[in-house]
Amino acid sequence: MIACPYCKTELTPPASANDEDSVFACAECLNPIGIRNEGIQQAFVLPGERDTRTVATPESVGGRILERLRAPETELPVLPEISHRVWAAIQSEKTSMSDLAAIVREDSSIAANVLRVANSAAYGGLHSVSELTAACSRLGQKTVANIVQSVASKSVFDSDDPVVGGLMEKLWRHSVAVAHFSAGVGSALSMPKTDTLYLQGLFHDIGKLAILSVSRGSDTKSTSNGHMTDAVLMEVVYAYHRIAGLHLLIHWNLPPVFLVTAFYHDDPDKTPPAIRKAAHVVSLANKLAYVSGLGFGDDTNEDTLLDHPSAAFLQLSDIKLANIRVDLEEKLDSLLGAIAE
């Protein structure tokens, strides 16, 4: 067991697959912390990070929202079981196309979405297919897995509150776009495990979902009439989504690679060397989503794609970037058109 460097609470973080530094979060004081995985695990204060308790004080709106993340009565979003099953299946070399189709077939809604994508303009062949196994064969295992993850996650981005619901719908479309661009850029660079890249992109902004999910609680009101203004809500979303993302991903029991990418997707140079290239891919994919009209909130960065630091890190020329964007945007239109119904 190791202790939180802030409040000394005992922690049980998972080990990193590469025995490199990773990130975690303390459920007691809510602080993000670093985990060193060299032999014996050690916790340390992340460089440049301030104690959350001094930034999001208990009486502040941000502090009250973050507090709800750990409250026993708070029902955090739940990642659908099929997401875990497909993730596990695609990691195994023994999984056949029929095995994957069998998992998808158990959910009629997801199966219908796979069929629609297989028959869409960007993915369709000479003839339409009406049988799931044939659709899976046309698309390939990784594309099928990506469709499943995108469709399954849509149920998580949901709220009865019309304002929050609208924001969640926009956030979901942005997340799918970043996931799609992440896998596409990774493929163009001949990187392995593009299915993992897809999920890294899909969950990069998951902390914004976490905050939106708990933002309408009775203890988070910020105005005299009892309603939080949209401006205040968005301030909290942007200020604390990295911390909230760690807590939700830990709640979902996902591997450290997803926690690190979500926490540092805006600053990929801070990630461990083993996953730094992937983190830069997600960062560039996030910019691609914005320039393709699928951003979330205001993109205050006026840089072009070629000026983006991750384009330089990945050694992508303007011609290469332009070709990647054209190809991926066409397929993204087909994907969203099929699964957003």
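The residue count restarts for each chain, going from 1 along the sequence in the order it is written. With pLDDT at 70 or above as the cut-off, local features in this predicted model cover only qualifying residues; side-chain atom pairs require 80 or more to be listed or tallied, and sums for whole chains, interfaces and linings still use all residues. Only heavy atoms go into the side-chain values, all of them from the structure, while hydrogens and water stay out.

Side note on helix α8 (residues 162–188)
No. 1: Between its first and last C-alpha, α8 extends 39 Å over 27 residues, near the 39 Å set by a 1.5 Å rise per residue.
No. 2: Working definition: helices are DSSP H or I runs of at least four residues, strands are E runs of at least two. Numbering for both runs from the N terminus. After α8 finishes, the residue S190 shows a positive phi value of roughly 60°. Expected helix span is given by 1.5 Å per residue-to-residue step, counting one fewer step than there are residues.

Regarding the state of the cysteines
No. 1: Pairs of cysteine sulfur atoms within 2.5 Å are identified as disulfides in what follows. One pass over the full model with this rule turns up zero disulfides.
No. 2: C7 takes part in no disulfide bond, and the closest cysteine sulfur to it belongs to C26, at a distance of 3.5 Å.
No. 3: To sort residues, take the accessible area from a 1.4 Å probe on protein chains only and compare it with the maximum for the residue type: under 20% means buried, over 50% means exposed, and anything in between is partly exposed. Residue class for C7 comes out partly exposed when judged on its relative accessible area of 23%.
No. 4: Its sulfur unpaired, C29 is 3.7 Å from the next cysteine sulfur, which belongs to C4.
No. 5: Judged by its relative accessible area of 5%, C29 falls in the buried class.

Quick word on the pairing of strand β4 (residues 32–36)
No. 1: Buried residues dominate β4, accounting for four of its five residues.
No. 2: Alignment of strand β3 (residues 22–25) against β4, held across four bridges, turns out to be antiparallel. Looking across to β4, one finds that S22 is bridged to I35.
No. 3: Any two strands between which DSSP finds at least two bridges are classified as paired. Of the pairings in the sheet, the one linking β4 to strand β5 (residues 42–44) comprises three bridges and is antiparallel in character.

Description of the environment of V61
No. 1: Turning to its location among the elements, V61 is positioned in helix α2 (residues 61–70).
No. 2: Separated by 94 residues in the primary sequence, V61 and S155 have C-alpha atoms spaced 27 Å apart.

Digging into the pairing of β3
Working note: regular strand, side chains alternate between the two faces of the sheet.
No. 1: In β3, alternate side chains face the same way, and those of S22 and F24 on one face and V23 and A25 on the other are all buried.
No. 2: The turn linking β3 back onto β4 is made up of six residues, and L30 within it adopts a positive phi angle of 70°.

With respect to the nonpolar core
No. 1: Formed by 115 residues in total, the largest nonpolar core has its most connected members in V114, F203, L209, L212, L249, W252 and I339.
No. 2: Sort the elements by how many residues they give to this core and α8 lands first, with twelve residues.
No. 3: In this structure I339 touches N113, V117, I147, S150, V151, K154, W172 and V176, once residues within four positions along its chain are discounted. Take the buried Ala, Val, Leu, Ile, Met, Phe, Trp, Tyr and Cys residues and link them wherever side-chain atoms come within 4.5 Å; each set so joined is a nonpolar core. The contact criterion used throughout is that any non-hydrogen atoms of two residues lie within 4.5 Å.

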